[in-house]
Amino acid sequence: MSSPVPVVLERAAVTAPAVGGVAARELLSPTTLHLNDRRIALIGANGQGKTTLLRLLAGLVAPSSGSVSVAGLQWARDAKALRGAVGMLFADTAAQLIMPVVQEDVELSLRPRRLPRHERRAEALAQLRALGIERLAERSVYELSGGERQLVALAGLRAAAPRLLLADEPTAALDLVHRDSVAAALLGSEASLIVATHDLELAAECERAVWIHGGRVVADGPPDELIAAYRASARGLAPWPGAETGAEA
Ligand SMILES: Nc1ncnc2c1ncn2[C@@H]1O[C@H](COP(=O)(O)OP(=O)(O)OP(=O)(O)O)[C@@H](O)[C@H]1O
């Protein structure tokens, strides 16, 4: 197994600019994090900043202050190298599938590897088979269900073989059988994984969890401990982090 891809945030913050009459808003407070584990789960309630952090790591949003580096590289300087090294699976995969037919879409991800056509086809089919969706190979991407799209997008990402895989709610739309195959594919991948998820079973299988609340990292450590604390807050058995001190809940 390859060593984890180091991700370093030094007081990195994200601010959404003012739009029309809506004031600028800090989505992620200045955050310092050193992530160097193979499987990391981002947990927390809706709208607390998990996707914002993933978007920062994927280079989809620039830090408004501070810095972010992935494998020692920064998006502002090294975008070309990072594009090949980092892959993101979006929660809404509608925009992630580009080609009209499933197999062609997965093959597109294999282009940079410059394989002969027949090898590309075989590899694309192997990726679909690994997720239990070989039957979708000839289908139009426009006809797929939400869960099927999620699986095809993951097959394409795996084919691209990024070193760091960012996944936003990868199991949310899936039935139990496909949820298990996606969880196994993510957790068993050669790539380092940072996954934002409400699937606490998936989070529990990671090596480390980071709990994000109110745009801040409020806890960071072993998944079992963080999940127990998060459950207690979500069920009203403990205050939300920061609530005792009057910070935003
Ligand atoms: N471009 C933007 N402009 C303004 N606000 C934004 C923008 N993007 C996200 N937000 C807000 O930032 C907050 C955090 O959103 P984010 O998507 O990071 O949450 P999340 O923890 O991933 O939530 P969920 O579990 O619901 O996916 C939310 O209140 C969201 O409305």
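Residues numbered from 1 in each chain as written. Predicted model: local features only at pLDDT ≥ 70, side-chain atom pairs only at ≥ 80, totals over all residues.

1. Things to note about helix H1 (residues 50-57)
- Of all the 8 residues making up H1, 6 are buried; the element is thus mostly covered by neighbouring parts of the structure.
- For H1, every residue scored as buried is listed here: Lys50, Thr51, Leu53, Leu54, Leu56 and Leu57.
- Note on H1: the residue one or two positions beyond its end, Gly59, has a positive phi of about 75 degrees. (Buried ≥ 20, exposed ≤ 12 C-beta atoms within 10 Å, placed from the backbone. Helix = DSSP H or I, 4+ residues; strand = E, 2+ residues; numbered from the N terminus.)

2. Looking at the environment of Leu154
- Residue placement: Leu154 occurs in helix H5 (residues 146-160).
- For the pair formed by Leu154 and Leu131, sequence separation is 23 residues and the distance between their alpha carbons is 8.6 Å.

3. Describing the sheet that holds strand E9 (residues 216-221)
- Spatially, the 6 strands line up as an open sheet ordered E5-E6-E7-E3-E8-E9, and their pairing is mixed. Each end of this open sheet is capped by a strand with a single partner; those strands are strand E5 (86-89) and E9. Neighbour to neighbour, the strand axes of the sheet diverge by 15 degrees on average, direction disregarded.
- In this structure, strand E6 (residues 164-168) lies alongside strand E7 (residues 192-196), joined through 5 bridges in parallel fashion. Opposite Leu165, over in E7, you have Leu193 as the bridge partner.
- Where H1 meets the sheet, it contacts strand E3 (39-43), E5, E6, E7 and strand E8 (208-213), and its direction lies at approximately 145 degrees from that of E7. (Pairing = 2+ DSSP bridges. Axes fitted to C-alpha atoms, helices over the stretch in contact; angles between N-to-C directions. Contact = placed C-beta atoms within 7 Å.)

4. Focus on the packing of H5 against helix H6 (residues 176-187)
- Between H5 and H6, the shortest axis-to-axis distance is 11 Å and the interhelical angle comes to 20 degrees. Classified by the angle their axes make, H5 and H6 are roughly parallel. Crossing of H5 against H6: the hand is left-handed. Across the interface between the two elements, Gly147, Leu151, Leu154 and Arg158 of H5 pack against His178, Val182 and Ala185 of H6. (Parallel < 35°, antiparallel > 145°, perpendicular 65-115°, else oblique. Left-handed = near helix turned anticlockwise from the far one by under 90°.)

5. Thoughts on the UniProt feature "domain: ABC transporter" (unreviewed entry) in the protein
- Residues annotated by UniProt as "domain: ABC transporter" (unreviewed entry) correspond here to residues 9-239.
- Strand forms 24% of residues 9-239 and helix 37%; the C-alpha atoms that close the span are 28 Å apart. (UniProt positions renumbered as here; feature names shortened; annotations may be inferred.)

6. A few points about the pairing of E6
- Buried residues dominate E6, accounting for 5 of its 5 residues.
- Taking every second residue as pointing to the same face, both faces of E6 are buried, with Leu164, Leu166 and Asp168 on one and Leu165 and Ala167 on the other.
- As paired strands, E5 and E6 are joined by 4 bridges and run parallel to one another. Bridging across to E6, Leu89 finds its partner in Ala167.
- Considered for its hand, the β-α-β crossover made up of E6, H6 and E7 is right-handed. (Right-handed = clockwise from strand over helix to strand, strands pointing away.)

7. Section: the confidence of the model for the protein
- With 97% of its residues at a pLDDT of 70 or more, the protein shows a mean pLDDT of 92.
- Put simply, H6 is where the protein has its lowest mean pLDDT, 89, and E3 is where it has its highest, 98. (pLDDT = per-residue confidence, 0-100.)

8. Overview of the nonpolar core
- Residues Ala41, Leu42, Leu57, Val152, Leu166 and Val195 are the most contacted members of the largest nonpolar core, which totals 64 residues.
- Ranked by the residues each element gives to this core, the list is headed by H5, at 7 residues.
- Excluding anything up to four places from it in sequence, Val195 contacts Ala41, Leu42, Ala167, Pro170, Leu186 and Leu202. (Core = buried A, V, L, I, M, F, W, Y, C linked by C-beta atoms within 7 Å.)

9. Considerations on the environment of Ala229
- With respect to the helices, strands and loops of the structure, Ala229 is situated in helix H8 (residues 223-234).
- According to the C-beta neighbour criterion, Ala229 is partly exposed, with 19 such atoms within 10 Å.
- Along the sequence, Ala229 and Pro239 sit 10 residues apart, while their C-alpha atoms lie 9.7 Å from each other.
- Not counting residues up to four positions away in its chain, the partners in contact with Ala229 are Ala219 and Ala238.

10. Concerning the pairing of E7
- Counting buried positions over the 5 residues of E7 gives 5, a clear majority of the element.
- Residue alternation in E7 divides its side chains into two sets, Ser192, Ile194 and Ala196 and Leu193 and Val195, and both sets are buried.
- Pairing between E3 and E7: 4 bridges, direction parallel. Residue pairing in the sheet places Arg39 in a bridge with Leu193 of E7.

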